[in-house]
Amino acid sequence: MNTYRIALLAGDGIGEEIMAEAVKILGIVSSRHAEIGFELIPAAFGASAWFSTGSCWPAETEELCDAADAILKGTIGLGHTESRQIPPDQSPEKGLLMMRRRYDTFANFRPVYLPGFLAHFSPLRPEIIGDGIDIMIIRELVGGLYFGEKEAGVNTQGLRYAREILEYDENQIHRIVLVAFETARKRRRKLHSIHKSNVLKSSMLWTDIVDEVSVDFPDVEVNHMLVDAAATHLCLRPTEFDVMVMENLFGDILSDQGGGILGSLGLMPSACLGPDKSYYEPSHGSAPDIAGKNIANPYSMIGSVAMMLEMSFGMDREAKNLWQAMQQVFAGGYSTPDISKPGSDITMVSTEEFGDRVVAELTKLPA
Ligand code: NAD
Ligand code: IPM
Ligand code: MN
């Protein structure tokens, strides 16, 4: 039997609730595959870890993650006012960036997917959704403004100021662009490189590298698109995108917009891949406004499990089954309340019931 060790970092807010559904799914998946076992090891992470241990990324969690085959993360962070309890340089978000840097998880895959039959989930008109949206946003995750040098203070004129550096070298850009081309080749062979090369030097370098790498991918259609125009295009013609690749901050913003055009951030899973270790997390945050109410949409978390099964454990078929099981739940007319719209005839279910329904659908599919 092949046993995979998975570090479970539930985190804060809705993290525990949606992680419970992921654990439920992993239990069913292992019962369907006698040859596979999962060793699930929970560990403290985020603000909850800070309150209990004094660190958002405690040493024991780091050790566990070092030894794990993959990391499954829930959500971290506090609401705006509560977040003041933790010094900014020890924040949960800092802890998350430390984890990303430690494992060099440079390639962040954020699928923006909505089949045509679920067009009513989206705030966009059905004719814009057409046969469905199927975009893979590939976000560079360990560079740019997030990791550049930072300072803040009072300048010589006595004014408070802040300064941070946006820096990429060609290797950092090359590796993520290569991942994007390879991904496009396995999909519809269309790549949009998103940038701001009309203003930013970093984007000029980015665009040069996209052109250089494209020479080895003559079968992939390349489109250069300015990030501001891309934001509009995502709303007006989302079906024209296949793979989109961009630097860290652009990817943070446009991937949340992806959740917006689908109808909920709860529909946004993700995979964060590094050379030796990968971790999986919803794209969204801890949703303090709905935490503890058993109403969060666990699709993003269960989708992250599907991505882990495929990308870390090579269980492609079971990953497909899991996606299909979730779509079947939606097809049956069930959803958590985030998707509801006045007048729609969706039957509202809780976080837990959504998970149970996914299990029931999964069980119907051959393993
Ligand atoms: P958020 O993503 O937590 O929530 C934005 C909105 O989306 C809220 O109305 C929320 O209820 C809704 N939402 C998000 N996920 C949902 C789900 N699964 N089901 C139903 N509704 C869902 O963003 P925010 O409120 O701006 O940030 C809250 C905290 O999360 C902050 O501390 C932020 O730093 C942190 N954060 C963490 C991560 C992460 O862990 N990777 C990502 C983004 C934000
Ligand atoms: C995300 C989050 C993080 C980011 C925060 C919590 C540091 O918004 O994963 O999208 O900005 O990358
Ligand atoms: Mn974000």
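Right above here is the structure, for reference.
A few points on the structure.

Parameters at a glance
- Residues numbered from 1 in each chain as written.
- Chains lettered and ligands numbered in written order.
- Predicted model: local features only at pLDDT ≥ 70, side-chain atom pairs only at ≥ 80, totals over all residues.
- Heavy atoms only, no water.
- Salt bridge = Lys/Arg side-chain N within 4 Å of Asp/Glu carboxyl O.
- Helix = DSSP H or I, 4+ residues; strand = E, 2+ residues; numbered from the N terminus.
- Buried < 20%, exposed > 50% of the residue type's maximum accessible area, 1.4 Å probe, protein only.
- Near = heavy atom within 4 Å.
- Polar contact = N/O pair within 3.5 Å; in protein donor to acceptor, adjacent residues only side chain to side chain.
- Areas by Shrake-Rupley, 256 points an atom, 1.4 Å probe, with all protein chains shown as cover.
- 1 Å grid on protein atoms, 1.4 Å probe; cavity = no way out; pocket = protein on both sides within 12 Å on 5 of 7 lines; lining within 4 Å.
- Sits in = over half its atoms within 2 Å of the grid points.
- Nonpolar A, V, L, I, M, F, W, Y, C, P; charged D, E, K, R; others polar.
- Expected span 1.5 Å × (residues − 1).
- Core = buried A, V, L, I, M, F, W, Y, C linked by side-chain atoms within 4.5 Å.
- Contact = heavy atoms within 4.5 Å.

1. Considerations on the pattern of salt bridges
Turning to step 1, where the next piece is worked out: In this structure the tally under the stated criterion is 23 salt bridges.
Turning to step 2, where the next piece is worked out: For Lys150, the salt bridge is made with Glu164, and the minimal N-O distance between the two is 2.9 Å. Within this pair, whereas Lys150 is found in strand 6 (residues 150-154), its partner Glu164 is found in strand 7 (residues 160-164), the two being separated by 14 residues in sequence.
Turning to step 3, where the next piece is worked out: Lys150 gets classed as partly exposed once you look at its relative accessible area, which sits at 45%.
Turning to step 4, where the next piece is worked out: Take Glu164: its relative accessible area is 46%, and that puts it in the partly exposed class.
Turning to step 5, where the next piece is worked out: Here Arg188 ties to Asp242 by a salt bridge, and the two come within 3.8 Å at their closest N and O atoms. Within this pair, whereas Arg188 is found in the loop between helix 6 (170-186) and strand 8 (190-195), its partner Asp242 is found in the loop between helix 8 (227-236) and strand 10 (243-246), the two being separated by 54 residues in sequence.

2. Describing the site of ligand 2
Turning to step 1, where the next piece is worked out: Taken together, Glu93, Leu96, Arg100, Arg110, Arg139, Tyr146, Asp252 and Ser283 make up the full set of residues adjacent to ligand 2.
Turning to step 2, where the next piece is worked out: Between an oxygen atom of ligand 2 and a side-chain N or O atom of Tyr146, the distance comes to 2.5 Å.
Turning to step 3, where the next piece is worked out: When ligand 2 sits alone it has 320 Å² of accessible area, and the protein chains cover 78% of it.
Turning to step 4, where the next piece is worked out: The site holding ligand 2 turns out to be the second largest pocket.
Turning to step 5, where the next piece is worked out: Considering each element in turn, the shell around ligand 2 owes the most residues, three residues, to helix 4 (residues 92-102).
Turning to step 6, where the next piece is worked out: Each residue belonging to the shell around ligand 2 can be placed in one class, and the counts come to two nonpolar, one polar and five charged.

3. Some words on helix 11 (residues 316-331)
Turning to step 1, where the next piece is worked out: Here helix 11 is 16 residues long and its end C-alpha atoms lie 22 Å apart, about the 22 Å a rise of 1.5 Å per residue gives.
Turning to step 2, where the next piece is worked out: Residues of helix 11 that are buried include every one of Glu318, Ala319, Asn321, Leu322, Ala325, Met326, Gln327, Val329 and Phe330, and no others.

4. So, the nonpolar core
Turning to step 1, where the next piece is worked out: In terms of nonpolar packing, the biggest core is built from 93 residues, with Phe38, Leu72, Met244 and Leu309 touching the most fellow members.
Turning to step 2, where the next piece is worked out: Sorting elements by how many residues they give to this core places helix 10 (residues 299-311) first, with eight residues.
Turning to step 3, where the next piece is worked out: Apart from residues lying up to four places away in sequence, Leu72 is in contact with Ile6, Ala7, Leu8, Leu9, Met19, Ala22, Leu26, Tyr280, Met301, Ser304, Val305 and Met308.
Turning to step 4, where the next piece is worked out: Membership of the second largest hydrophobic core comes to 16 residues, among which are Leu9, Ala43, Phe45 and Ile71.

5. Looking at the site of ligand 1
Turning to step 1, where the next piece is worked out: Around ligand 1 sit 22 residues in total, of which Lys73, Leu78, Glu93, Gly285 and Ala287 are the nearest.
Turning to step 2, where the next piece is worked out: The backbone of Ile76 places a nitrogen or oxygen atom 3.1 Å from an oxygen atom of ligand 1.
Turning to step 3, where the next piece is worked out: Ser286 places a polar main-chain atom, nitrogen or oxygen, 3.1 Å from an oxygen atom of ligand 1.
Turning to step 4, where the next piece is worked out: Relative to its unbound accessible surface of 810 Å², ligand 1 loses 71% to contact with the protein.
Turning to step 5, where the next piece is worked out: Of all elements in the fold, only strand 3 (70-75) and helix 4 reach the threshold of two or more residues within the shell around ligand 1.
Turning to step 6, where the next piece is worked out: In terms of residue class, the shell around ligand 1 is built from nine nonpolar, eight polar and five charged.

What is shown is where atoms sit, not what they do.
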